[in-house]
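# Structure assessment
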Amino acid sequence: MTLYFYNSLSRRKELFIPQDESCIKLYVCGPTVYDRAHLGNARSAVVFDQLFRLLRIYYPAVHYARNITDVDDKINEASLTRGLPIEAITQETTAWYQQDMTRLNALPPTVEPRATAHISEMIDMIQTLIVKGHAYEAEGHVLFRVVSFPEYGKLSGRSQDDVLAGARVEVAPFKEDPSDFVLWKPSESPMPGWESPWGFGRPGWHIECSAMGQKHLGFPLDIHCGGHDLQFPHHENEIAQGECATGKTCARYWLHNGMLTVDGQKMSKSLGNFITMEEAFSMAPGEVIRYVLLSGHYRQDLDWNESHILQARQAMDRFYQVKGLAEAQGVSFDIEPEADIEVNPVLEALEDDLNTPKAFAILHQLANSLYKDFSIPVFLQFYQGAQTLGLLSMSSGEWFQGSLDETGLCMADVEQAILDRAQAKCDKDYGQADRIRLDLLEKGIVLEDHKDGTTTWKKS
RNA sequence: GGCCGGGUGACAGAGUGGUUAUGUGGAGGACUGCAAAUCCUUUUACGCUGGUUCGAUUCCGGUCCCGGCCUCCA
């Protein structure tokens, strides 16, 4: 029971020691709901879902919050472009996101707070910051006074001078200091807004996570997660405002996932190489996508390409074949959570900073062993490992046969074809037998003959 | 310019101061009427360069490339 995580705050791998073993506090930065989720969003969600699943094995309760950002300038833009009310956009996009995450076997968080439901908490926090001298009002804006927080930059490893040196943003004239950031800004119709002590306005980007993290979990959080691109400025600013407002550490462990590239290029709006989950699901089933997303270490960049998808699909086929062996043996899939923890090498790999590639290697070793000599204890290790990775959620029948829709066949067609082929084989009419098999293959059905004379089928 | 992360065999991708990672692909074989699945054998490694060491892909220095963040971004 020794979990190690690479902590962005210290820039090294650390033993994980929770504040309270009876309840772990996990916060993950969720999506801004203005457009369909893309693979980058999915990677973050899947990687930290995997963390959630692991933590649940070791601790009795894990409180996992993942926010929905439903107030943002990009949402306002989408609303204008599409001519739809803001709520219509955010509700639709949130529903898509949740469906997509379900298809990836990402468990729902304990709580999924929406920014617009926490405006008063944000206003309270901003007021506290003003009272304490960490924020000031200027021309309807409220800004965080960065010089008031000497530790600013501790997460991203930059000094305040560095921040200025690299500043590419045009500095608003009302800022006391160029690195100050917005907590609250004025709004005019049709922009969404709320009444506040500083007039009608809306929150800046960073304050929501601090307010919601504090409300739903409470500082200090045990683990705060998000994409590496959020490390600066988003998380740096969260630390600044959160710690100044509450006087408590924001989070004790910060985990950041690496970026996703597509055919070697970073996925980005400007390059136009965003892959939405809708597109991704048209290329591969959810578990295959999940396998791809976990096939590299979470902190490294990961490339999305055809070859990756193919390899993941083959690996999943092999794993499901093993599950099929277990089903044939009548193995019960009820795993007692604590049964094999101390000796499960898959979990050992995951304990070491979520080493999913190593975990997959071990799953393959276990699969090899199971093919040669099936044993229930080894299978249970294999299965528990796969489940902790969020895989093998269906039966092998569902996996290999699933829906026949795209083949244009029905179950009876396939069964009749198998019978016809068996007759042809009986008659030694191998030409006819092969024609039947090739005909099915063209329609996406592969036949497998077994030693006992039976024939089974699966989708290719 | 500042900060950070990488460079491993055909490809993907872990790891280690001295022993096969793992998967895919290629080659050969077993099984099969032919396939599929499975099994066996096999092929090419650790960017370059100094140093430490009995010994370095693994530690230290230098060097050359690549990528990310510094602007909305998972």
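Structure shown above.
Residues numbered from 1 in each chain as written. Chains lettered and ligands numbered in written order. Predicted model: local features only at pLDDT ≥ 70, side-chain atom pairs only at ≥ 80, totals over all residues. Heavy atoms only, no water.

## A short note on the nonpolar core
Of all hydrophobic cores here, the largest spans 81 residues; its most connected members are Leu-26, Leu-51, Leu-55, Ile-223, Ile-289 and Phe-382. With 12 residues, helix α1 (residues 39-58) is the largest single contributor of residues to this core. The contact partners of Leu-55, leaving out residues within four places of it in the chain, are Leu-3, Phe-5, Phe-16, Ile-24, Leu-26, Val-62 and Ile-223. One finds Ala-115, Leu-183, Ile-207 and Leu-221 within the second-largest nonpolar core, a separate group that totals 37 residues. (Core = buried A, V, L, I, M, F, W, Y, C linked by side-chain atoms within 4.5 Å. Buried < 20%, exposed > 50% of the residue type's maximum accessible area, 1.4 Å probe, protein only. Helix = DSSP H or I, 4+ residues; strand = E, 2+ residues; numbered from the N terminus. Contact = heavy atoms within 4.5 Å.)

## Section: helix α2 (residues 73-82)
Of the positions making up α2, those classed as buried are Ile-75, Asn-76, Ala-78 and Ser-79. The arc that holds the buried residues of α2, viewed along the axis, is 160°, so those residues lie on one side. Exposed side chains of α2 directed beyond 90 degrees from the buried face belong to Glu-77, Leu-80 and Thr-81. Of the surrounding elements, those touching the buried residues of α2 are α3 (86-103) and β8 (201-203). N-capping of α2 is provided by Asp-72, with a side-chain oxygen placed 2.6 Å from the backbone N of Lys-74. Just downstream of α2 lies Gly-83, where phi reads positive at about 65°. (Arc of directions from axis to C-beta. Polar contact = N/O pair within 3.5 Å; in protein donor to acceptor, adjacent residues only side chain to side chain.)

## A few points about helix α4 (residues 119-131)
In this model, α4 (13 residues) spans 18 Å end to end at C-alpha, consistent with the 18 Å of a helix rising 1.5 Å per residue. Looking at α4, one finds that the buried residues are Ile-119, Met-122, Ile-123, Met-125, Ile-126 and Leu-129. The buried residues of α4 occupy an angular sector of 165° when the element is viewed end-on, so they sit on one face. Its buried side turned inward, α4 meets β5 (135-138), β6 (141-144), β7 (181-186), β8, α6 (207-216) and α7 (231-246). Directly beyond the C-terminal end of α4, a positive phi value near 85° is found at Gly-133. (Expected span 1.5 Å × (residues − 1).)

## Structural notes on the protein's contact with RNA strand B
Lining the immediate environment of RNA strand B, one finds 57 residues, of which Lys-74, Trp-205, Leu-230, Lys-266 and Arg-437 sit closest. Atoms of RNA strand B within 4 Å of the protein: sugar and phosphate make up 63%, bases the balance. Interatomic distance of 2.8 Å between a backbone N/O atom of Leu-260 and a base nitrogen of RNA strand B. One of the side-chain nitrogen or oxygen atoms of Gln-311 is found 3.0 Å away from a base nitrogen of RNA strand B. Of all the secondary-structure elements, those providing two or more residues to the surface near RNA strand B are α1, α5 (160-166), β9 (221-227), α10 (306-328), α12 (356-372), α15 (411-426), α16 (430-442) and β14 (445-449). Counting residues per element, the surface near RNA strand B draws most heavily on α12, at 8 residues. Among the residues making up the surface near RNA strand B, the classes are represented as 15 nonpolar, 24 polar and 18 charged. (Near = heavy atom within 4 Å. Nonpolar A, V, L, I, M, F, W, Y, C, P; charged D, E, K, R; others polar.)

## Let's talk about the pattern of salt bridges
A side chain with one charge can pair with a side chain of the opposite charge if their charged atoms come near. Applying the stated criterion across every chain, the model contains 22 salt bridges. Note that Arg-36 is salt-bridged to Glu-278, the shortest N-O span being 3.6 Å. Of this pair, Arg-36 sits in the loop between β3 (24-28) and α1 while Glu-278 sits in helix α8 (residues 277-283); the two residues are 242 residues apart in sequence, bridging distant segments of the chain. The exposure class of Arg-36 is buried, given its relative accessible area of 17%. Counted as one network, the salt bridges with shared partners bring together Arg-36, Asp-100 and Glu-278. (Salt bridge = Lys/Arg side-chain N within 4 Å of Asp/Glu carboxyl O.)

## Section: the pairing of strand β4 (residues 62-66)
Across the 5 residues of β4, 4 count as buried, placing the element largely inside the fold. With 5 bridges connecting them, β3 and β4 associate as parallel partners. Within β4, the position partnered with Lys-25 by the bridge is His-63. Read from β3 through α1 to β4, the crossover connection turns out right-handed. (Pairing = 2+ DSSP bridges. Right-handed = clockwise from strand over helix to strand, strands pointing away.)

## Points about the side chain of Arg-290
Mapped onto the elements of the fold, Arg-290 is located in helix α9 (residues 286-294). Arg-290 gets classed as buried once you look at its relative accessible area, which sits at 0%. At a separation of 2.7 Å, a polar atom in the side chain of Arg-290 contacts the main-chain carbonyl oxygen of Leu-389.

Nothing here speaks to function; it is all geometry.
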